[in-house]
Amino acid sequence: MIEKLQKKSIFLIIGMFLLLSIVLIGLLSYSSPIYEFNYSGDNNNYMTVGKAMMHGFVPYKDVFEQKGPFVYLLYGLASLISFHTFLGSAIFEIAILFAILWLTFKIGKLFSSTKVAFVIALFAPVFVLMEPYYSYGATVEFFLYPAMLSLIYVSLKAQQHQFIISKWTWYFQGCLVGIVFFSKYTLLGSWIAFYIFMFMYYTIKHRWNDVRNLIWPSGLGFLTTTVPWLIYFEMVHGLKQFFNVYFYTNIFRYGSVNGTWFERLSMSLWTFVQLLLFSNPVITFVIVLGLLFVFFSRKILAGWIIKSLLMIMMFTNALLALCGGTFGPYYLLSYFPYILVLFVLLIIALSHKLKLSAFKKWQSVFIFSWIFALCMALSVNSNLQFSRFIPNNPAITSNLGVKHPTSSAQIEFGRIMRHESKGRPTLLAFGFLENGFYTTSGAYPTIHYFERNNISYHKLPTMMNTAANAIKHRKVQWVVICVKTTSNSNLQHQIETTYKKNAYGRGLKALNQNYEMRAHHSQISQGNDMEYILYKLK
């Protein structure tokens, strides 16, 4: 009877977590159907390359983009669910948020009752969907959030068992190391710290069997998730390009921080300090109080080993996460698994003080907590103002005088390209990080540098030169450009002012010779008032 009740309660918890995940992603992710489109440049890059990979293109060799292959695989699978929208991505986001809720619940159960852990876990989305760190949703940092949480869970659970960790756990963490390594390796800081710390701990204690368990299952797990990619790239003759783009270009060309590695690491750490001191006061409160709790706790975190391990993992993660610089607040989401765990530990300590486990009337508490947690998550993210519930919002159009419902540049241009192209559209996003025009048009990236990535011209002149030559030699049917708009200048002047340097100028001259303006549309994009212009081959 007791076992049946326990199974019933677990199914109820799973159901409530899943429902909360569906509701929150449905309301706050730009990938959700209640939004006209996901306008994020990064997410659309991943979708474009992932979709191309599903149709025979080889990342890095045929298409230039810098994230790891697991990112493109995920988005490629999402494109198989929905080719012209981000519905597939939304489904994956629901699964990720559910995994975060479940892992938070598991962490809470280590130190409290099932009921208390469930209530605490309901508030995890506040530290996942908080604006501006979540932003449009579906970033690499978001998709790797559960992986980092699982490592923290393994660490906290290990302290309760004399740091004995099973072979399967080591194997699973090895798999995760491979996934993170081939997704965004600057997020490996937590695992680097964890493995070095545990290796040293086992060695000092002469626990040689644990050392063997650390090395062999983890190594096998790492090989399980990395070797298939190396075999794939070797088979398609793209291994050299993979190493050149994913490693060399990311390390030496990509990034907003120049200088020595010491300077880069210092800047990454300084960004974390800024988050601590100058961000949301709730975050500052949780971090400061949580760190003090880690230092002085004697019951929940007993002993210096687990305290040292958590602090070193957190510090190393902060040190490496932004060493290449940051191009948006969403990069900082990589800090939040630790902030979430600090919050969980604080609330558990408070529940012990208040003896909440002895409370009897939990049914009403569950319902109230679910609703309150939903409201809390909605209060830290204002994405709904850009949903379909508010027609002609700034994400769709900057023209406040429009009376009838209109569409964004992505939807409008995509419709034009699909209807007026001979066969499948061919497209080039010239001079900017494309924001979804390949997705809405259905075009594949037939030009190697299908957009302008965040790499300066002097570091990679081939990128803009290739794009300019594609326009000059009429290699695509359509070209999209974008400029920041101002109230006191005309469109043509803005285009000439923006595209007058380096290869931009040559490309603009060829664009005017070989293409004609087909449409233009203004809207807010990532906080900037932008004008998108669509050109059609003459």
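Nothing here was measured: the structure is a model prediction, and the numbers come from that model.

S.K.: Explain the packing of aromatic side chains here, please?
M.R.: Two numbers describe a pair of aromatic rings. These are the distance of the centres and the angle of the planes. Counted under the stated rule, the structure contains 59 aromatic pairs. Each ring, one from Tyr30 and one from Tyr39, has its centre 6.0 Å from the other, and the planes form 75 degrees; the classification is edge-to-face. Both residues of the pair, Tyr30 and Tyr39, belong to the buried class. In this structure, Lys51 packs its charged tip against the face of Phe83, placed 4.1 Å from the ring centre. Positioned above the aromatic ring of Tyr331, the side-chain terminus of Lys184 is 3.9 Å from the ring centre.

S.K.: Would you mind showing me how to read the pairing of strand β4 (residues 528-537) here?
M.R.: Residues in a regular strand point their side chains to alternate faces of the sheet. Where strand β2 (residues 478-484) lies against β4, 7 bridges are found, and the strand directions are antiparallel. Bridge assignment links Trp478 to a residue of β4, and that residue is Lys536. The pairing of strand β3 (residues 515-525) with β4 spans 10 bridges and is classified as antiparallel. In the sheet register, His521 faces β4, and the bridge partner there is Tyr532. Turn length for the β3-β4 hairpin, with the two strands adjacent in sequence and antiparallel, is 2 residues, and the turn residue Gln526 shows positive phi of about 50 degrees.

S.K.: Is there a simple way to explain unusual backbone geometry in this structure?
M.R.: In terms of backbone geometry, most residues other than glycine have negative phi values and most peptide bonds are trans. Here the amide bond leading from Glu131 into Pro132 is cis, since omega sits at 5 degrees, within 30 degrees of zero. We note that Ala138 has phi near 65 degrees; this positive angle belongs to a residue other than glycine. Inspection of the secondary structure assignment puts Ala138 in the loop between α5 (114-121) and α6 (140-143). Not every positive phi belongs to a glycine, and Arg474 is a case in point at roughly 55 degrees. Tracing the backbone shows Arg474 in the loop between α19 (461-472) and β2.

S.K.: Teacher, can you tell me more about the packing of helix α9 (residues 189-204) against helix α10 (residues 208-235) here?
M.R.: Between two packed helices, the angle of one axis relative to the other and the distance separating the axes together describe the packing. Relative orientation of the contacting elements α9 and α10 amounts to 150 degrees, with a least axis distance of 8 Å. Here α10 runs roughly antiparallel to α9, going by the angle between their axes. When the axes of α9 and α10 are compared, the crossing they make is left-handed. Side by side, α9 and α10 meet where Tyr195, Met198, Phe199, Tyr202 and Thr203 of the first sit next to Trp208, Asp210, Val211, Leu214, Ile215 and Ser218 of the second. Grouping the amino acids of the contact of α9 with α10 by side-chain chemistry returns 8 nonpolar, 2 polar and 1 charged.

S.K.: Hey, could you run me through the sheet that holds β4 in this one?
M.R.: The strands that make up a sheet are held in pairs by hydrogen bonds between backbone atoms, and each pair lies either parallel or antiparallel. Here 4 strands make up an open sheet; going across it, the order is β1-β2-β4-β3 and the pairing mixed. In the strand order of this sheet, the two ends are held by β1 (427-429) and β3, each with one partner. The sheet shows a mean angle of 20 degrees between the axes of neighbouring strands, direction not considered. Docked against the sheet, helix α17 (residues 409-420) engages β1, β2, β3 and β4, running at close to 155 degrees with respect to β3. Taken strand by strand, α19 contacts β1, β2 and β3, and its axis lies near 140 degrees from that of β1.

S.K.: What am I meant to see in the side chain of Thr226 here?
M.R.: Relative to the assigned elements, Thr226 resides in helix α10. Those residues in contact with Thr226, other than ones at most four positions away along the chain, are Gly178 and Phe182.

S.K.: Teacher, can you tell me more about the pattern of salt bridges here?
M.R.: As a working rule, side chains carrying opposite charge can pair if their charged atoms are close by. Applying the stated criterion across every chain yields a total of 4 salt bridges. Note that Arg518 is salt-bridged to Glu420, the shortest N-O span being 2.6 Å. With Arg518 in strand β3 and Glu420 in helix α17, this pair connects stretches of sequence that are 98 residues apart. A relative accessible area of 29% places Glu420 in the partly exposed class.

S.K.: Can you walk me through the nonpolar core in this structure?
M.R.: Soluble globular proteins tend to bury their nonpolar side chains together. In this structure, Leu156, Trp191, Phe194, Met198, Phe336 and Phe430 are the most contacted members of the largest nonpolar core, which totals 187 residues. Ranked by residues supplied to this core, first place goes to helix α15 (residues 336-354) with 12 residues. Apart from the residues within four sequence positions on either side, Trp191 is in contact with Ala147, Met148, Leu151, Gln173, Leu176, Val177 and Val180.

S.K.: Can you help me understand helix α7 (residues 145-159) in this one?
M.R.: Since one α-helical turn is 3.6 residues long, residues separated by three or four positions face the same way. In a regular helix each residue adds 1.5 Å, so 15 residues correspond to 21 Å; α7 covers 22 Å between its end C-alpha atoms and thus fits that length. Where burial is concerned, most of α7 is hidden: 14 out of the 15 residues are buried.

S.K.: Help me understand the environment of Lys509 in this model?
M.R.: Along the polypeptide, Lys509 turns up in helix α21 (residues 502-514). Assessed through its relative accessible area of 56%, Lys509 is described here as exposed.

S.K.: Quick question: what am I supposed to make of a nonpolar patch on the surface here?
M.R.: Judged by side-chain polarity, Ile192, Ile196, Phe199, Met200, Ile204, Ile215 and Trp216 come together as a nonpolar surface patch covering roughly 750 Å² of accessible area. Elements represented by at least two residues in the nonpolar patch include exactly α9 and α10. Residue contributions to the nonpolar patch peak at 5 residues, all from α9. Considering the arrangement of structural elements, one finds Ile196 in helix α9.

S.K.: I would appreciate a short explanation of the environment of Tyr504 in the present structure.
M.R.: Within the secondary structure layout, Tyr504 lies in helix α21. In this structure Tyr504 comes out as buried when scored by relative accessible area, which is 15%. When the C-alpha positions of Tyr504 and Ile348 are compared, they lie 57 Å apart, and in sequence the two are 156 residues distant. If sequence neighbours within four positions are ignored, Tyr504 has contacts with Phe430, Gly431, Arg452, Met464 and Tyr499.

S.K.: Can you help me understand the packing of α10 against helix α11 (residues 239-252) in this one?
M.R.: Packing of α10 against α11 leaves a shortest axis separation of 7 Å and a crossing angle of 120 degrees. The orientation of α10 relative to α11 falls into the category oblique. For the pair formed by α10 and α11, the contact residues are Leu230, Phe233 and Glu234 on the first element and Leu239, Phe242 and Phe243 on the second. Across the contact of α10 with α11, the residue classes tally to 5 nonpolar, no polar and 1 charged.

Criteria and cut-off values
Residues numbered from 1 in each chain as written. Predicted model: local features only at pLDDT ≥ 70, side-chain atom pairs only at ≥ 80, totals over all residues. Heavy atoms only, no water. Phe/Tyr/Trp six-rings, centres within 6.5 Å; stacked < 30°, edge-to-face > 60°. Buried < 20%, exposed > 50% of the residue type's maximum accessible area, 1.4 Å probe, protein only. Lys NZ or Arg CZ within 6 Å of the ring centre and 35° of its normal. Pairing = 2+ DSSP bridges. Helix = DSSP H or I, 4+ residues; strand = E, 2+ residues; numbered from the N terminus. Axes fitted to C-alpha atoms, helices over the stretch in contact; angles between N-to-C directions. Parallel < 35°, antiparallel > 145°, perpendicular 65-115°, else oblique. Left-handed = near helix turned anticlockwise from the far one by under 90°. Contact = heavy atoms within 4.5 Å. Nonpolar A, V, L, I, M, F, W, Y, C, P; charged D, E, K, R; others polar. Salt bridge = Lys/Arg side-chain N within 4 Å of Asp/Glu carboxyl O. Core = buried A, V, L, I, M, F, W, Y, C linked by side-chain atoms within 4.5 Å. Expected span 1.5 Å × (residues − 1). Patch = residues over 30% accessible without salt bridge, like charges linked within 9 Å, V, L, I, M, F, W, Y side chains within 5 Å. Areas by Shrake-Rupley, 256 points an atom, 1.4 Å probe, with all protein chains shown as cover.

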